[in-house]
Amino acid sequence: MKVSRRAALSAASVALALGAAAPAFAQAKKDTLVLAMTLEPTGLDPTAGAASAIAEVVQYNVLETLTKINSDSRITPLLAANWTASPDLKVWTFKLRTGVRFQNGEPFDAAAVKFSYERAAAKDSVNKDKAVFANIERIDTPDDKTVVLNLKNGNPDLLFQLGQATAVIVEPKSAATNNTQPVGTGPFRFEAWAKGTSVTLARWDGFRDAKDVKLRRVTVRFIGDPSAQVAALLSGDVDLFPRVAAARSLEQFKANPKKFQVLIGGSRAKTILAINNKRKPLDDVRVRRAIAAAIDRQAVIEGAAEGFGTPIGSFYVPGAPGYVDTTGINPYDVAKARALLHQAGVALPLELTMKLPPTPYARQGGEVVAAQLAKVGITAKIENVEWAQWLSGVYKDKAYDLTIISHVEPLDFGNFARPGYYWNYDSPQFNALWDKINATVKPDERDRLMAQAQKLVAEDAVAAYLYQPTWITVADARLKGLWKDMPIFANDLAAISWQ
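Every value quoted in this text rests on a predicted model; they were computed, and no experiment measured them.

What about the sheet that holds strand S4 (residues 80-85)?
So, point 1. The strand order across the open sheet built from 4 strands is S4-S5-S7-S6, with neighbouring strands paired in antiparallel fashion. In this open sheet, the two strands that pair with only one neighbour each are S4 and strand S6 (136-143). Mean inter-strand twist for the sheet, computed between neighbouring axes without regard to direction, equals 20 degrees.
So, point 2. Lying over the sheet, helix H3 (residues 110-121) contacts strand S5 (91-96), S6 and strand S7 (146-151), oriented at roughly 170 degrees with respect to S6.

Structure representation (structure tokens):
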């Protein structure tokens, strides 16, 4: 069959056009991400709930803070452009970024900062870091872009604390509905929440640096079961899983470096066996010390975290300022545990409840701890509860004897001085010591006092302190911008892109 010259040229032109388009199409980078988390948050306002899962979704993504805590713990400007502090660290002056608006169109200004911090310190505030804001004596706003915090006590940790999720700046008109419809200044806007399944965030085109945000849409999925977590990664249904319970499956991910990257990093978290200090016979320090002495921390680390952790003897971890090793205060000693129970006049077997949240480390660690306690005559009846039940029954109502939980915030030692906190510890001696710490700004003196505080809560056996977790992240090998070390629980989505 003969083909005309014009037809042949047309066919060649089409082929050339298709050939030119194909490589461009093939090279287009992905702009969506599926990130998975173990726990689903009960709400999306980090100023109104204690769960770290809230911050994992919204912090630095939807809602922002004046300062930013980076993976290496450095503090850099975020909504604040810069700041200065008086020598006694009592007066902090923040200059705010210009040209920033909230996602509902309202301006970000000094009035919004003042509103956010006064709301956090209010009498009816349920902010878990309320003490940070209660230390603010007065907030001055000399102009729209200047905020002056006048503190009661100088605070060398303030810049870090103002970078945590509890210090997000909220827009006054929308603050009341942030729990279900968060409105912030961040690079992503809240799009949808399919309860029990996922939260969807979409890039906000009104963001000040929108051109630098490479991801168009992020789906945050909730997968609690460790085997399901691994399966989702292997199948490609999930691109990124920070803090994944995949220790037993690491080798199969490491064996395929073209498909997966594995990041193993440090934390400032403390995994503990919390004890209700006001329940009998747990109100007797000898009984609490017996519980601590009955627990082999290294065996718990092996059973709960596949060896990824470091033993701790107090509510503080290696690498934190002023850390001292207190693991020798309540060492593993079965004979001592039995003797202490005898001295306390406890009739054996002692029956206690141990309520475990759905996190794998708690469920697996609970089995190990229960078996160890049984060897000294303590029967720990395990009750597996859902996360919302743990928050209401254990954290809020204090209806428990024992529970296993990781406290992931770096600067939460002050919880021992917090009235009515869920472990029911009330010590005038600790409260006086904590007042001294808060009134001290000299690093050496502060570290000396922090060492005393660590030893005191270890000697009082407020909890059985177990280990500092090591977090594992498994991700698609093509992703970049991921955090390795995690001083706080945050997923910095604006920093992530596909290669």
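Structural notes on the confidence of the model for the protein
So, point 1. Here the protein averages 94 in pLDDT, and 95% of its residues register 70 or above.
So, point 2. Note that pLDDT drops below 50 for residues 1-26; the model gives that stretch 1 contact with residues more than four away or on any other chain.

Concerning the pairing of strand S10 (residues 217-222)
So, point 1. Of the two faces of S10, only the one carrying Val218, Val220 and Phe222 is buried; Arg217, Thr219 and Arg221 on the other face are not.
So, point 2. Pairing analysis gives 5 bridges linking strand S9 (residues 198-203) to S10, with the strands arranged antiparallel. Along S10, the bridge assignment pairs Ala202 with Arg217.

Details of unusual backbone geometry
So, point 1. Cis geometry marks the peptide bond from Lys280 to Pro281, where omega comes out at 0 degrees.
So, point 2. Along the chain, the position of Pro281 falls in the loop between strand S13 (270-275) and helix H8 (285-293).
So, point 3. In the segment running from Leu348 into Pro349, the intervening peptide bond is cis, with an omega of 0 degrees.
So, point 4. Here Pro349 is to be found in the loop between helix H10 (334-343) and strand S15 (350-356).
So, point 5. The phi dihedral of Ser73 falls on the positive side, at around 75 degrees, and the residue is not glycine.
So, point 6. Structurally, the position occupied by Ser73 is in the loop between strand S2 (67-69) and strand S3 (75-77).

A few points about the pattern of salt bridges
So, point 1. Tallied over the entire structure, the rule returns 23 salt bridges.
So, point 2. A salt bridge links Lys173 to Glu106; its shortest N-O distance comes to 3.3 Å. Here Lys173 is found in the loop between helix H5 (158-161) and strand S8 (188-194), whereas its partner Glu106 is found in the loop between S5 and H3, with 67 residues between them in sequence.
So, point 3. For Lys173, a relative accessible area of 67% gives the class exposed.
So, point 4. Residue Glu106 is classed as partly exposed on the basis of its relative accessible area, which comes to 25%.
So, point 5. Overlapping salt bridges, with partners in common, bring together Arg189, Glu191 and Arg217 in one network.

Scoring rules and cut-offs
- Residues numbered from 1 in each chain as written.
- Predicted model: local features only at pLDDT ≥ 70, side-chain atom pairs only at ≥ 80, totals over all residues.
- Heavy atoms only, no water.
- Pairing = 2+ DSSP bridges.
- Helix = DSSP H or I, 4+ residues; strand = E, 2+ residues; numbered from the N terminus.
- Axes fitted to C-alpha atoms, helices over the stretch in contact; angles between N-to-C directions.
- Contact = heavy atoms within 4.5 Å.
- pLDDT = per-residue confidence, 0-100.
- Buried < 20%, exposed > 50% of the residue type's maximum accessible area, 1.4 Å probe, protein only.
- Salt bridge = Lys/Arg side-chain N within 4 Å of Asp/Glu carboxyl O.

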